[in-house]
Structures are given as C-alpha cells and as structure tokens.
Amino acid sequence: MSLDKTSAPVGTADGAPATADDAPAPAAGAATVAVDPRLLVREQGFAGYIGEFKRKLRGGDLGSIPVVIGLIIIWAIFASLNSNFLTAGNLSNIAVAMVGTGMIAVGIVFVLLLGEIDLSVGSVSGVAGAAFAVLAVTHGMAEWLALILAILTGTVAGAIHGFFFARVGVPAFAVTLAGLLFWNGFMLQVLGDDGTINLDPDGLVANLTGYYFSDVAAAYGLAVIAVAGYFLSAFFDNRRRAAAGVPSRPLSEIVVRTALLAVLAFAAAIMFNQNKGLPLAVLIFLIVLVLTDFVLRRTSFGRKVFALGGSVEASRRAGISVVGVRIAVFSIAGTFAAIGGLFLASKIASANQGAGAGELLMNAIAAAVIGGTSLFGGRGRTWNALLGVLVITSIQYGLALQGIASPIQYMITGGVLLATVVIDAVTRKTQKTAGRA
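As the structure is a computational prediction, the values presented were derived from the model and not from experiment.

Section: helix H12 (residues 300–310)
Here H12 has its buried residues at Gly302, Val305, Leu308 and Gly309. End-on view of H12: buried residues confined to an arc of 125°, all on one side of the axis. Those residues of H12 that are buried are in contact with helix H4 (88–113), helix H11 (280–298), helix H13 (312–317) and helix H14 (322–348).

A few points about the environment of Gln402
With respect to the helices and strands, the residue Gln402 is situated in the loop between helix H16 (383–401) and helix H17 (406–433). Distance in space between the C-alpha atoms of Gln402 and Phe78 is 8.6 Å, their sequence separation being 324 residues.

Describing the pattern of salt bridges
In total, this model carries seven salt bridges according to the counting rule given. Residue Arg240 is joined to Asp237 by a salt bridge in which the shortest nitrogen-to-oxygen separation is 3.5 Å. Taken together, the residues Arg240 and Asp237, both in helix H9 (residues 216–244) and three residues apart, mark about one turn of the helix. Using a relative accessible area of 53% as the deciding quantity, one classes Arg240 as exposed. The exposure class of Asp237 is buried, given its relative accessible area of 17%. One salt bridge in this structure joins Arg316 and Glu313, with 3.0 Å as the shortest N-O distance.

Structural notes on unusual backbone geometry
In this structure, Ala349 takes a positive phi of about 55° despite not being glycine. Along the chain, Ala349 falls in the loop between H14 and strand S4 (350–352). Judged by relative accessible area, which is 27%, Ala349 ranks as partly exposed.

Quick word on helix H5 (residues 121–138)
With 18 residues, H5 extends 25 Å from end C-alpha to end C-alpha; this agrees with the ideal 26 Å at 1.5 Å per step. Buried residues dominate H5, accounting for 15 of its 18 residues. Just beyond H5, the residue with positive phi is Gly140, at close to 70°.

Things to note about the environment of Asn184
With respect to the helices, strands and loops of the structure, Asn184 is situated in helix H7 (residues 172–191). The class of Asn184 is partly exposed, set by a relative accessible area of 27%. Through-space distance from the C-alpha of Asn184 to that of Gly356 is 8.0 Å; in sequence the pair is 172 residues apart. With near-sequence residues (within four places) excluded, Asn184 lies in contact with Ser123 and Gly179.

Concerning the side chain of Arg326
Within the secondary structure, Arg326 sits in helix H14. Despite its burial, Arg326 remains without a salt bridge, the nearest opposite charge being carried by Glu116 at 4.6 Å.

Here's the deal with the packing of aromatic side chains
According to the stated counting rule, one finds eleven aromatic pairs in the structure shown. Here the aromatic rings of Phe182 and Trp183 are separated by 4.9 Å at their centres, their planes lie at 85°, and the arrangement is edge-to-face. According to the relative accessible area criterion, Phe182 is exposed, its value standing at 52%. These aromatic residues form a ring-pair network of at least three members: Trp75, Phe78 and Phe85.

Describing the nonpolar core
For soluble globular proteins, nonpolar side chains are generally found buried alongside one another. Counting 96 residues, the largest nonpolar core has Met103, Phe132 and Phe285 as its most contacted members. Ranked by residue count, the leading element in this core is H4, at 17 residues. Leave out the neighbours within four places in its chain, and Met103 touches Ile284, Phe285, Val288, Phe336, Ile339, Gly340 and Phe343.

Describing the packing of helix H6 (residues 143–168) against H14
Contact pair H6 / H14: the axes reach a minimum separation of 7 Å and the direction vectors enclose 145°. Two packed elements cross with a definite hand, and for H6 against H14 that hand is right-handed. Residue classes in the contact of H6 with H14 are distributed as 13 nonpolar, eight polar and two charged.

Focus on the confidence of the model for the protein
Per-residue confidence for the protein gives a mean pLDDT of 83; residues scoring 70 or more make up 83%. Taken as a whole, residues 1–35 scores under 50 in pLDDT and shows seven contacts with residues more than four places along the chain or in a different chain.

Things to note about the packing of H5 against H14
Two elements in contact, H5 and H14, have axes whose closest approach is 7 Å; the angle formed by their N-to-C orientations is 55°. Between H5 and H14, the interaxial angle falls into the category oblique. Considering only the axes of H5 and H14, their crossing is right-handed. Seen from H5, the contacting residues are Val121, Val124, Ser125, Ala128, Gly129 and Phe132; seen from H14, they are Ala333, Gly334, Ala337, Ala338, Gly341 and Leu342. Across the contact of H5 with H14, the residue classes tally to eight nonpolar, four polar and no charged.

Remarks on the environment of Ser350
Along the polypeptide, Ser350 turns up in strand S4. According to the relative accessible area criterion, Ser350 is buried, its value standing at 7%. Taking the C-alpha atoms as reference points, Ser350 and Ala130, 220 residues apart in sequence, are found 8.7 Å from one another. Setting aside residues up to four positions removed in sequence, Ser350 forms contacts with Thr196, Ile197, Asn198, Leu199 and Ala345.

Conventions we followed
Residues numbered from 1 in each chain as written. Predicted model: local features only at pLDDT ≥ 70, side-chain atom pairs only at ≥ 80, totals over all residues. Heavy atoms only, no water. Buried < 20%, exposed > 50% of the residue type's maximum accessible area, 1.4 Å probe, protein only. Helix = DSSP H or I, 4+ residues; strand = E, 2+ residues; numbered from the N terminus. Arc of directions from axis to C-beta. Contact = heavy atoms within 4.5 Å. Salt bridge = Lys/Arg side-chain N within 4 Å of Asp/Glu carboxyl O. Expected span 1.5 Å × (residues − 1). Lys, Arg positive; Asp, Glu negative; His and termini not counted. Phe/Tyr/Trp six-rings, centres within 6.5 Å; stacked < 30°, edge-to-face > 60°. Core = buried A, V, L, I, M, F, W, Y, C linked by side-chain atoms within 4.5 Å. Axes fitted to C-alpha atoms, helices over the stretch in contact; angles between N-to-C directions. Left-handed = near helix turned anticlockwise from the far one by under 90°. Nonpolar A, V, L, I, M, F, W, Y, C, P; charged D, E, K, R; others polar. pLDDT = per-residue confidence, 0-100. Parallel < 35°, antiparallel > 145°, perpendicular 65-115°, else oblique.

In structure tokens:
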C-alpha cells in the first residue's frame, strides 16, 4: 500500500521541521489558501479598511451606510429651505415625536427577522391606549397598574396572532390582517359612544413625552455613560476574541469608533440642553434599543430568531422550537405595539377612535425597513428602527415646516420606502451572486 504524499508533513531530510526556505515553490495553477479578509484588514491598517469597504460594496453588504447618507441629505435639504429645521427646539421635537412609532418599529424588526409581517400593530397600539384610559380615567385604577395591564393587552394580542400563525399554520399576513380589523373594532367598543377620553395632563402616561430632565448634567451624563459603555464593551469583547484566536479589532479602531460616538452623543446633549433638557421619552427609547439589541445579538433566543429567518427547516433540524420562537416573537411585537401606543396617547394626552389608524402602520414598517432590516428575514438590528423612524419623522417635520399637505407627505414617504425596498432586493441579489446568501 502506497502512502499519499500530499497528506504527509513536509520536513527536511533529517526529520526537522521545514522552514520557509526549505518549502518548495508553489506549482502553477495551485489552489490559493483562503484568508479571512478581516485578518488582512487588521494587518494593512487604513488601506485594509478601504479594501474591506470595496469588498463589502461588491458583495452588496452596505449596512446602514445608505440610510445615514440619506438622513444627511434630508437634513441638508430642509435646512437650506428653512433655517428653523436644525434648531434645538425642532430637533428635540423630532426626537420626542419619533419615539411612539419607533417603539412599534422595534417590535416589527423582530417579526421581519423571521421573514414575516405583522399588520395588526397599529390597531394593537390603539387598544393599549384605550385600555389605559378606560382603566385609569373611567374606572379610577392606579395609573401604574393600568399601564402594566395596557401593555399586557398587547402581549396577549401578539401571542394570539403567533398561536394561529405558528401552531395552526395560518399565514401571518392573514392572521394579522384579521387582527387589524378585530382590534380596531375592539378599541371602538372599549372607548364607547364618546370616542375620546382625555388623560390626566400631569399623570404617568402624559409625562412619558411631556417630562424633560432640565438639569444639564442629565444629558451630558447620558452621553458619558453611552460613550464609556461602548468603549468598555468593545474593549473587553475584543480581549475575549483575541484570547479565543478569532479576528479582533485593534485598539486604534476602537478608539476611533468611540470618538465618533462621543461627537454624536455630546452634540445631541448640547442640542437637548439648548431646549428643555433631556426628554424622558428619548431616554426610555435608547434603553429599549440597548436591551433589545443585547437580546438579539447576545442571547440564545436572539440566535434562534436569526436562524429561523435564515432557514426554518434547518432550524427545526437543529432542535429549535419553531412554534415557541414564533409565538414569542409575535408576543414581543404586540408588547412593543402597546408601548408605542401609550407614547402616542401621551403625545396628545388622550385616547380616541383615530388611534392606530392612518399612516401609523406603514410608518412603523417603513421605519424598520428603511433603517436596514431586510424584508426577506435573517438580517437586521433593532437600532435600524432608530435610523428609519428618524428619517421618516424628519421628512414629516421638514415638509410641515414648508407647509406641504399630508397627501404629498404620504407620497414622499412611500417613495422613500420603495427606494429602500429596491435597495434591499438588489442587495440580496448581489449577495447571492457573490455567494454570501
């Protein structure tokens, strides 16, 4: 029996390990060894990052770059048309106004990661506001308890949708479309003949969007915590990766990223302090984004969500409870729809029959998609909801400053959404061509 020479270790005649000088020259046409491009980036410095960017561009991995560029262009256009657009007061109002829709969009991100859709979130948000108003105002229940029960109405509604989708097998589109109609009717029934219930202007829910931390230390303190938290998280994560022998970022890159975050964080802090201070709504929204991002990227549940979005059959064979994860995701979407509904009720200090109607559903879905979450599942982050809703709210406020009518606002928002979906589809096609999807 002859030995396979290609599998034998290369050595010198005396049995010592071969050196680089002893190694034979590679034969023409020999296969090249694949090298992790992230390793090359770390070795080549700035030129390596330029090369990595070109590689991602060819592979269709654009990330959040298009939406960031789009947001800069939108702000530049509206600032040139109206000098009041970039004032501290207007930007602060945009930040507070986006939270309600942004909360709903966070739940939509979870659903989209499965490659599904939830059309009921607008109606569920209206039910939550109505439930709180009836319990706290009409029946005199303690506001904190009414708040919890209102949020749980969204959780239950989402769980019902998830059950029919995951266990019974009804398509998510059909289930949630039925939910849209059912919960809208339920909200009208709960509100009764009057149709509108005013909230206590000094109450718990009213303060969700009406309270500001006027002390300048609050905004600056949040900026310091955000920057320090990011640096420490990236630094220790880098050490763990280096210890495990996997590609890791050099300290210089972490410092640059931290510096960029510091510029943005302190610029926002300065802007808030020039107005009324740090809004409570913005603080809560940022906390929610951090927690949900942690759940998706650092927990087994988050990995299961991404796995289902990639391939249901492969996930099932890997032992993942497909039914359980799907029900949990729709419950999360319903919960965040309810939270968003309470913020929207807080903004107008009332619950009325128009809650959850109009463009709310489309804006929430558009915010998730515009921010970078794929409609095809398996790609996205909850931070995408922040970017997307910031784009949509900026467009709405910019057009309002110009006195543009609502129909034109709908048309422009629809055009932005269509452009984003086209980019998403082209990106996915490019990734498939490059062998990455």
